[in-house]
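# Notes for the structure review
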Amino acid sequence: MPATPAWPPASTPRLFVDQGLGEGMILPLDGAQANYLGNVMRLKTGDPVRLFDDRTGEWLAEVIETAKRSVTLKLTSKLREREAVPDLWLLFAPIKKGPIDWLVEKATELGAARLQPVITQRTIVDRLNLDRLRANAIEAAEQCDRTALPELAEPVKLPALLKGWDQTRTLIFADESGGAPLIEIAKSGPTAILIGPEGGFTTEEREMIRATAGAVAVSLGPRILRAETAAAAAISAWMCLAGDWR
Ligand code: SAH
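Sequence order as written defines the numbering, with residues in each chain counted from 1. Local features in a predicted model are, by the rule used here, given only for residues with pLDDT of at least 70; side-chain atom pairs are given and counted only at 80 or more, and totals for whole chains, interfaces and linings are based on all residues. Excluding hydrogens and water, the side-chain figures rest on all heavy atoms present in the structure.

### Brief notes about helix 6 (residues 203-210)
Under the scheme applied here, a residue whose accessible area is under 20% of the maximum for its type counts as buried, over 50% as exposed, and between as partly exposed, the area being computed with a 1.4 Å probe on protein chains only. For the purposes of this entry, the term helix denotes a DSSP run of H or I that reaches at least four residues, the term strand denotes a run of E that reaches at least two, and both are numbered from the N terminus. Burial in helix 6 covers these residues: Glu205, Arg206 and Ile209. Viewed end-on, helix 6 has its buried residues packed into an arc of 100°, placing them on one side of the element. The outward face of helix 6, more than 90 degrees from its buried face, is lined by the exposed residues Thr203 and Glu207. Whether two residues are in contact is decided by their heavy atoms: any pair within 4.5 Å suffices. Those residues of helix 6 that are buried lie in contact with helix 4 (158-163), strand 10 (170-174), strand 12 (191-195) and strand 13 (215-219). The directions considered for the arc are those from the helix axis to the C-beta atoms.

### Considerations on the packing of helix 2 (residues 99-109) against helix 7 (residues 227-241)
In this description, a line fitted to the C-alpha atoms serves as the axis of each element, helices being fitted only across the stretch in contact, and the angle between N-to-C directions of two axes falls anywhere from 0 to 180 degrees. In contact at an axis separation of 9 Å, helix 2 and helix 7 are set at 5° when each is read in the N-to-C sense. Between helix 2 and helix 7, the angle falls in the class roughly parallel. Between helix 2, through Pro99, Trp102, Leu103, Lys106 and Ala107, and helix 7, the contact on the second element is made entirely by Ala227, Glu228, Thr229, Ala231, Ala232 and Ile235. Oblique is the label for every angle not falling under 35 degrees (roughly parallel), over 145 degrees (roughly antiparallel), or within 65 to 115 degrees (roughly perpendicular).

### What about the domain arrangement of the protein chain?
Segmentation of the protein chain into domains returns domain 1 (14-80) and domain 2 (88-241). Each domain's extent was defined by an automatic or database domain assignment. Relative placement of domain 1 and domain 2: their C-alpha centres are 33 Å apart. Each partner contributes residues to the interface: domain 1 has nine residues there, and domain 2 has nine residues. By convention in these notes, a salt bridge is any Lys or Arg side-chain nitrogen within 4 Å of a carboxyl oxygen on Asp or Glu. Linking domain 1 with domain 2 are four salt bridges, by the criterion used here. Residues aspartate 145 and arginine 80 are paired through a salt bridge, measuring 3.5 Å at the closest nitrogen-oxygen approach.

### Re the packing of aromatic side chains
Working definition: a ring pair exists when centres of Phe, Tyr or Trp rings (six-membered ring for Trp) sit within 6.5 Å. Plane angles under 30 degrees give stacked, over 60 give edge-to-face, the rest tilted. On inspection of all chains with the given rule, the structure shows three aromatic pairs. On the basis of an interplanar angle of 50° and a centroid distance of 5.5 Å, the ring pair of phenylalanine 16 and phenylalanine 52 is categorised as tilted. Pair noted here: phenylalanine 16 is in strand 1 (residues 14-16) and phenylalanine 52 is in strand 3 (residues 48-52), with a separation of 36 residues, a long-range link. A single burial state applies to phenylalanine 16 and to phenylalanine 52, both of which are buried. Their ring planes at 85° and their centres at 6.3 Å tell us that tryptophan 89 and tryptophan 165 sit as a pair that is edge-to-face. Linking tryptophan 89 in strand 6 (residues 88-92) with tryptophan 165 in the loop between helix 4 and strand 10, this pair joins segments that are 76 residues apart in sequence. Its relative accessible area of 23% is what places tryptophan 89 among the partly exposed residues. Distance and angle both matter: a charge sits over a ring if NZ of Lys or CZ of Arg is within 6 Å of the ring centre and within 35 degrees of the ring normal. Across from the ring centre of tryptophan 89, 4.9 Å away, lies the NZ or CZ of arginine 114, which sits over that ring.

And the structure:
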């Protein structure tokens, strides 16, 4: 691990901004971000802030003005380039509020590059709040010193996902009814892990997935895991076997 730099201090607030950043940029913030910096962290002119944009990397900024509902920052120097993340997608059947928030937070921390909700026959979640899920991913990245966010895709139905599947991307299908050991399947290169809903996959879905070029059924062991546990466990195991846990 690189030595901890003396400046800015480890306690410096860290925020994601959804726009390309550049040296010398003046960045007026309002809303929740201004409230966090101005009222929660009570920053004053000259205080440091770390910003990342999921595009260029992480920047050091300083507060140049504070007002009741706004804080203005000036970007002074680049601290880091945007990190590289392994080309691993998580395809997951939406599950209920709470567990799905945990799933998105853990998949972000563990380095999934793309989160793709997949509507299956037993998916019970009708409305998916992507804004809330994106906020979970952003908060996880802010807290875990990340400079990259997972891409959060619009939900897609399982048949449509499979019909257009690019077979150069290995589709690891976590099949609770059994499959190959992950250690035999996991290899670096474009990969997706597919996790079903609380009710699991139907037989028809299982057959459809197994018939898809590039797809392989994998067991996550002899115990049935909750969907969110299966997602975190499968990503972790893949990161260890084929990702960047070196
Ligand atoms: N209700 C189902 C379990 C669903 S668990 C049953 O009782 O059989 C939700 C999802 O987690 C599954 O669809 C699968 O993708 C994954 N999963 C859970 N445990 C697993 C295991 N031991 N092996 C492979 N996948 C698993």
